[in-house]
Structures are given as structure tokens and as C-alpha cells.
Amino acid sequence: MERGSDPSSSSIDKTKVLDVKPLRSLAPVFPTAPPHPSGSFPFFPFGPQASHGVNQNTPTSGAIPAPIRSYRRPDGEGLNEGLPVKPKRARKSKSSEKKPKKKSQDPGSDLSSLFGISLAQKEDGDGEVVNVVLIAFDAIRRRLSQLEDAKELSTGLIKRADLKSGNILMTKGIRTNMRKRIGAVPGIEIGDIFFFRMELCVVGLHAPSMGGIDYMTPRGESEEEPQAVSIVSSGGYDDDVDDSDVLIYTGQGGNSNKKDKEVADQKLERGNLALEVSSRRHNEVRVIRGMRDAANPSLKVYVYDGLYKIQESWRERGKSGGGVFKYKLVRMPGQHSAFAVWKSVQKWKEGNPSRNGFILADLSSGAEKFPISLVNDVDYEKGPAHFTYSQSLKHPKSFSLVQTSSTCNCHSACVPGDLNCSCIRRNEGDFPYTGNGILVSRRPLVHECGPACKCFPNCKNRASQTGLKFQMEVFKTNNRGWGLRTLDPIRAGTFVCEYAGEVIDRSKINQNGEGDEYVFDTTRNYSSFKWNYEPRLLEEVSSNDSSEDHTIPSLIISAKKVGNVARFMNHSCTPNVFWQPVLYEENNQSFLHIAFFALRHVPPMTELTYDYGVSRSVHTGSSSTPKGQKKCLCGSSKCRGSFG
DNA sequence: GCTGAATCAGTGTT
DNA sequence: CAACACTGATTCAG
């Protein structure tokens, strides 16, 4: 399910692409950190994707970093193409000598090299660049939302942060799969989810920002017939979406978008014509299913449900009176299930008990807002070793406060942009979360409001204290023991859970029993990764706090005896969750907590993983698994081989 | 190349 | 909450 971590998914050959992947290191690279005194360590939350030393023994990174242009397109990679499409500008011999043409864009506006996106990757993507573009999109969108939230109501300048962010990426060249194609889109996997139409746009899955039918007309061919490439079914028309393998899709047009209420008959043109042609040619059509997010009914989720073929088409009279086209699309066999997974989850939630491997309804015994079910459909193990479920983090009495406590005096709720709020000021004036509770940026420390703040408990600046936001379950993995996965779709930046347990002293790490299992340690070496927005895309002065050495206090938590769902999260070298230090006051002291947030959108039934980091006591660089480390089984194509 | 039209968005307001 | 109004971005067609 997870991108790049499913060994069984051999649909896309990524290895070729990744082998020649350009190194994304134009931005300053942090030097390898020197050993630091115990108690603190440099923390680079805004750091660009640095070339980690851990990867040095792979053949790829051992070579000299290739210049951006050296990307070679793997030939013979046309396994998805349903029809030959010419490499567009390969033979524009006519106008190729006169080259002052600036494609309606000033040349300086292309910032794709900042993100390591090559020209070839703009035309044809891969999993890597798709991730980069999607992360960039959401980071800008969150930032624009944050700015809008903080604005006075009178100057609501930035409406529609989704459109704005998408537009910025499109004009700056931060996009991929611009070449339209029939069939699968490289880098996008069946089951991937999206929360905005613009996301489909910037990764080349579906180009129109609104339209439901995307199509193309191959130019230069004798017959210039439009052919459909993808459709979005999300409730705008009267589609039949009951079956997870069959979709009755309604053609476009005929709506009275004007004041006059008259409905017209749909015409056989544009998308309708394209679908007709695709039906006759038996072309594959990508299907994106959109629906309301059950957990967040105001939003829509889009699921890429793979390739379909149009089995038949007909005309009928629509409910509003006009003639409409109908297309019966049937899902092609042999694809991973995507939308079908959603339907299964829905059934389980409705209490349908016929579930394979179901062991326990609620591992948390009511401690959490949602039941945490326990499932094993792999073997006969009946559950993890005993522990006490607790939502909270237990500090020992002797724990020294990290920082003087402080509270804000806001009434009812802290308002973004209100610099009278001391909690906001501690976050450098930025409200850490957007209106719907999504983390905007990683920071050295997020200051949340605490129990003694005057604001109400539902103040938005308590995102990590108000319980789980979606349903999860503990399940038995194939080869990594128990794991944690989500039943609901998760948006990037959503709070996942805190790391609960007992705060312990460093000397106790290996005392409690066997090794450091179920131990979280802030002082390990963690790979930096880029998640925050790129200031240069917003014409913000890049605040140079990105290059400062941020230190956060040492915190070690053992969840061996007491813990919550976080103790079940496995390690991955390409994780979908990251941790973020959060500080708030309790009992007149400020305490540090570790909160986990979704790194990217996570589809239902996907395992949640984060980067365990590497203990500072072990030496990396050896080709075999270093002493004290565990062999990594995350299955990622970027796996470092070991962790711990 | 420019302009306008079409379009299964997304928010905010009533 | 449903209907509505309103502002939009992209791509296509003329």
C-alpha cells in the first residue's frame, strides 16, 4: 500500500529510474554533526534533503553527484502506453533555431532545480518526484492557510490556498508527468489519495482543475480523435458508484450553469466524444473516485482507483430532463484493490463482525476516543506481550523542568495573528496549526496551550492534547511483528498520536530488560528531510533560522510497561509519520512531549511508520549491519539496511 | 498567440 | 444543513 514499500508491487519498475536519480543537493548541505554533549543535539527541522552518510555505501551515492541534467530516461519504459505518443518537442525542427521564445514565462521563474526536478522528470515522473511535488504543494498550501488565518478579516487576501499553491507550482515548474498519457502514470500508485483537485493536476494524474474528463488529441496523426485519459467521479453528476469494480459514469455538459434553469441535452463533443472514442478503441481510462471524508465531512477525498475500460455507452434521459451520456466502466483485473478497501473498512466500522483474524475490539479498553482493534490474519499469535495502556506521558517526580512555565490569557480561544497571546509569541508569531488542526511546519519546538491557559480546552493550539483524530488498529505484520495502521484516510500534517510511556534516565535504557525495544530517544541521529514550505516560492525572505543549530532537550521514553498505540509503530526508511517536540505547561511546569504527525497523505489500511533514527553510540558506514543495530525490513527502495 | 468558454471546486453565507 | 453565490485555474477551441 505504502509507496515504494510493498515488495509485492512490481507494477512499476522504479529501480531504473532511481539508479540515475539526480542528487537533490543544490541547497546548502549541513555538515555531519560532531558529537554533542549529552543532553542536547543539533536539530535541523528545516534542513533540506541532505545526503546522509548512511547511504554512502550504495553504488548510486558513492558516485560523484551528477549534475541535474544528467538524468537519462530509461528506454523501453513504455509499458503503460496504450498508444504511441511522440516525444513532443523532439522534432520541432522549424522553429528550433530561433530560441528567444520564452513560453509565456520569464525564464527566471522556473525553480524546479531547487527541488532537484530535472527536465525529464517534468515530462515523465517517478515515485520520488511525485512525493517531492506533493510535499511541496501541501507545504505551501498550509503556509498560505496559516497566513490567511492570521490576517484581519477585512483583508482576506488569500482565499483558496489550494488554487494558489497549485498555481505557484505550475508556474515555477514544480510539477511532473506533464506529458499526457493513456494508462498508468509513473510514480502514482493505485490507492494513492488526494485532498484537492490541484494535487491531481501537479502530478499529472488528471489535468483539468475542475473538469471531470481529461483527454488528449494526438496531433499529427491522420485521424485526430480525442481520447480520454482519466475521469473523476465525485458526485457532481448522477453516477452509479455502488460497485467497486463497475462505474456508471455520466457525460459532461447539459447543466444550466446560468440563471436560466433550462437543461440542455448533452452533446457528443469534448470529453463525451473522447470517452466514446476510448470505448471504441478499448483504451484504458484512469479512474479517480472522489467522496466525502467521513471523518471530515466538509472535505473531499480523491482515491486513484486504477485503470478501467469502457464496456458500453448509451444515451438516456437524466433526472433533470435533459439527455445525458452514460458510460459503463469496468475495472481491469489484476490490480491492487483501492476503492474496495474503503468499502470493506466501512463495513467493519458498521459492526460487521465477519472479519478475518479479528481478535479484540479495543486494545485501549476505552482509554482512547476510538476503539483500537487488534487483528492478526497472518498467524496464530493472539496478541502482543502484556503492557498497560495509557494515553499519557509519565514524568518522574525528579524530572527537572525544561523551561519556565507560561500561560496565555486569551478568552475562549487563541486567535491566529493575535500577538497578545503569549503562546503564539512563543511560536514566533505563527499559529502552529491551521483552522482544521493541521500542523503547518516542523519546528524545533511547538508551544501549545496548557491546562492553566485561560483559553478553552477546544483552543486550536492544543492539537496534540485532544485525543486521536482517526481510527487505528494494531495488526500483525508479515515479518516485523505487530504494527500500527490506520483505518481512515489521513491528511498530511494531521496529528497521529503522542508517544506515551514513562520518561526514563539514559542509564536505564538497557537496564529494563532486553535492549531498547519500546524506547523513544530524542538524542539519536535522525535523517533530515524537507517538509516545510520553501520560502523562495512565496517570495518570503528566507528566515535563516533554517541554518541555526536548534537544540532540543534530551528526552527518553520507555513504553515497555506503559504505553499507547505509538509503541506499535515500526521503523521505515521512507516513513509516512514524523515526530515533533511539543511543549506545554502542566502543574506549573513545562513538559516536553513527542507528538507524531502524518508526513504525507496516508490511505486507509496503510501501516504507520516513522524513522527510528540511529543510536549515537554505533558507528555507521560499515557495509554490514553495525553492531547493536537491527536489520531493517521496511522494504523501501531507499532502505538504509539497518536501524536502531 | 491571445481570448473566451467550459468545467464532477472549494469556501463562506443565508 | 441545503441552497446559493462567488471566485477561481487549467486546458481546449476558435
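Residues numbered from 1 in each chain as written. Chains lettered and ligands numbered in written order. Predicted model: local features only at pLDDT ≥ 70, side-chain atom pairs only at ≥ 80, totals over all residues. Heavy atoms only, no water.

## Some thoughts on the domain arrangement of chain A
Interface size is commonly expressed as the accessible area that is lost once the parts come together. In terms of domain boundaries, chain A breaks down into domain 1 (35–74 + 110–175), domain 2 (180–347) and domain 3 (358–524 + 557–644). Taken together, the 18 residues of domain 1 in the interface contact 11 residues of domain 2. Both faces combined, the contact of domain 1 with domain 2 buries some 1100 Å², and carbon together with sulfur accounts for 73% of it. Counting across the interface, domain 1 meets domain 2 through 1 salt bridge. A salt bridge links Asp124 to Arg181, with the nearest nitrogen and oxygen atoms 3.0 Å apart. Where domain 1 touches domain 2, the interface holds 2 residue pairs in polar contact (both at pLDDT 80 or more). Taken together, the elements giving at least two residues each to the side of domain 1 that touches domain 2 come down to helix H4 (127–150) and helix H5 (161–172). Residue contributions to the side of domain 1 that touches domain 2 peak at 7 residues, all from H4. (Domains from an automatic or database assignment. Contact = heavy atoms within 4.5 Å. Buried area = accessible area lost by both parts, 1.4 Å probe. Salt bridge = Lys/Arg side-chain N within 4 Å of Asp/Glu carboxyl O. Polar contact = N/O pair within 3.5 Å; in protein donor to acceptor, adjacent residues only side chain to side chain. Helix = DSSP H or I, 4+ residues; strand = E, 2+ residues; numbered from the N terminus.)

## What about the protein's contact with DNA strand B?
The local shell around DNA strand B holds 20 residues, among which Ser234, Gly236, Tyr237, Asp239 and Tyr302 are the closest. The share of sugar and phosphate among atoms of DNA strand B within 4 Å of the protein is 60%. One of the backbone N or O atoms of Gly212 is found 3.3 Å from a phosphate oxygen in DNA strand B. With respect to DNA strand B, the backbone of Gly235 contributes an N or O atom lying 2.8 Å from a base oxygen. Sorting the residues of the surface near DNA strand B by element identifies strand S4 (227–233), strand S5 (246–250) and strand S7 (296–317) as the ones contributing at least two each. (Near = heavy atom within 4 Å.)

## Examining the nonpolar core
Membership of the largest hydrophobic core comes to 44 residues, with the highest contact counts inside it found for Leu169, Phe194, Val203 and Leu205. The set of elements that each furnish at least two residues to this core consists of H4, H5, strand S2 (193–194), helix H6 (197–202), strand S6 (284–293), S7 and helix H8 (339–349). Counting residues per element, this core draws most heavily on H4, at 10 residues. There are two domains that each give this core at least three residues, and those are domain 1 (35–74 + 110–175) and domain 2 (180–347). Those residues within four positions of Phe194 in sequence are excluded, and the remaining contacts are Leu134, Ile188, Glu199, Leu200, Val203, Leu205, Lys300, Val301, Tyr302, Tyr304 and His601. Judged by nonpolar contacts, the second largest core, of 37 residues, contains Val496, Val565, Met569 and Tyr610. (Core = buried A, V, L, I, M, F, W, Y, C linked by side-chain atoms within 4.5 Å. Buried < 20%, exposed > 50% of the residue type's maximum accessible area, 1.4 Å probe, protein only.)

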